Amino acid sequence: MKVNVVIGGKGVVVGLTVVGEQSQATVEPGLAIDGFGVEVSPGVYSILLDGVSHEVRVAPAPDGSLILQTGHHEFKAEIADPRAWSGRRHGHVEAEGRQQIIAPMPGKVVRLLVKAGDEVKAGQGLLVVEAMKMQNEVRSPKTGKVERLLAKEGQPVNAGEVLAWID
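This structure is a prediction, so every number in the text was calculated from the model and none was measured. (Residues numbered from 1 in each chain as written. Predicted model: local features only at pLDDT ≥ 70, side-chain atom pairs only at ≥ 80, totals over all residues. Heavy atoms only, no water.)

### Brief notes about the sheet that holds strand E15 (residues 156-157)
In step 1: Ordered by their spatial adjacency, four strands build an open sheet running E13-E12-E10-E15, and the pairing between neighbours is antiparallel. The open sheet has two edge strands, strand E13 (134-139) and E15, and neither has a second partner.
In step 2: Here two bridges tie strand E10 (residues 107-112) to E15, and the two strands are oriented antiparallel to one another. Bridge pairing in E15 places Gly 107 opposite Val 157. (Pairing = 2+ DSSP bridges. Helix = DSSP H or I, 4+ residues; strand = E, 2+ residues; numbered from the N terminus.)

Pasting the structure below:
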């Protein structure tokens, strides 16, 4: 499968080859990266690259692309051949069932974009967490209703703290 990844307005083509649970990514023009990845919860992957572990959250964007969040970084990915993606075990990236929304990093909630009871779409922004002067929008992993919103504007949060529930 080939994925066009756009970072800072520049595109690069990433080829992914998966054999069992082991995968290899080739970044054109020919840099090969071996890795191991496991989906730890819907839309959340633990990926080991060159001995370094990364947690990557994948959510659909309204334009049909994917939003990849890892650490303090957010990337947009576009699928070169959507049929290659939809034919896989996880043909869609929208989470199913009741989902808890957790803080991706320690910081402070600077803005709430929804309130309890609001209907949301997969990939829609729920709140903004600021960490080290960078603002990160936390998005909904699924289409549904904001069941509970535990965060308040100005509230400090720790990484992994539950901020909301989407049903």
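Now that the structure has been shown, we can carry on.
### Overview of the sheet that holds strand E16 (residues 162-166)
In step 1: On the basis of which strands lie adjacent, the open sheet formed by four strands has the order E9-E16-E14-E11 and antiparallel pairing. Either end of the sheet is taken by a strand with one partner, and the two such strands are strand E9 (99-102) and strand E11 (119-120).
In step 2: Relative to strand E14 (residues 144-149), E11 runs antiparallel, the two being bridged by two bridges. From the neighbouring strand, Val 120 faces E14, where its bridge partner is Gly 144.

### Side note on the nonpolar core
Generally speaking, soluble globular proteins have nonpolar side chains that are buried together.
In step 1: Counting 15 residues, the largest nonpolar core has Leu 126, Leu 127 and Leu 163 as the members making the most contacts within it.
In step 2: Secondary-structure elements contributing two or more residues to this core are strand E12 (125-131) and E16.
In step 3: Discounting residues that sit within four places of it in the chain, Leu 163 has contacts with Ile 101, Ile 102, Ala 103, Leu 127, Val 129, Leu 149, Leu 150, Ala 151 and Val 157.
In step 4: Counting residues in each nonpolar core, the second largest holds five residues, with Tyr 45, Val 56, Val 58 and Leu 66 among its members. (Core = buried A, V, L, I, M, F, W, Y, C linked by side-chain atoms within 4.5 Å. Buried < 20%, exposed > 50% of the residue type's maximum accessible area, 1.4 Å probe, protein only. Contact = heavy atoms within 4.5 Å.)

### Re the pairing of strand E6 (residues 52-60)
In step 1: One ladder, built from six bridges, connects strand E5 (residues 44-49) with E6; its direction is antiparallel. When the bridges of E6 are listed, Val 44 appears paired with Arg 57.
In step 2: In textbook terms, the turn of a hairpin is the stretch between consecutive antiparallel strands, and for E5 and E6 this stretch comprises two residues, one of which, Asp 50, has a positive phi near 50 degrees.
In step 3: By the bridge criterion, four bridges tie E6 to strand E7 (residues 66-70) in an arrangement that is antiparallel. Following the sheet pairing, Pro 60 is matched in E7 by Leu 66.
In step 4: Linking E6 to E7, which pair antiparallel, is a turn of five residues; within it Gly 64 sits at a positive phi near 95 degrees.

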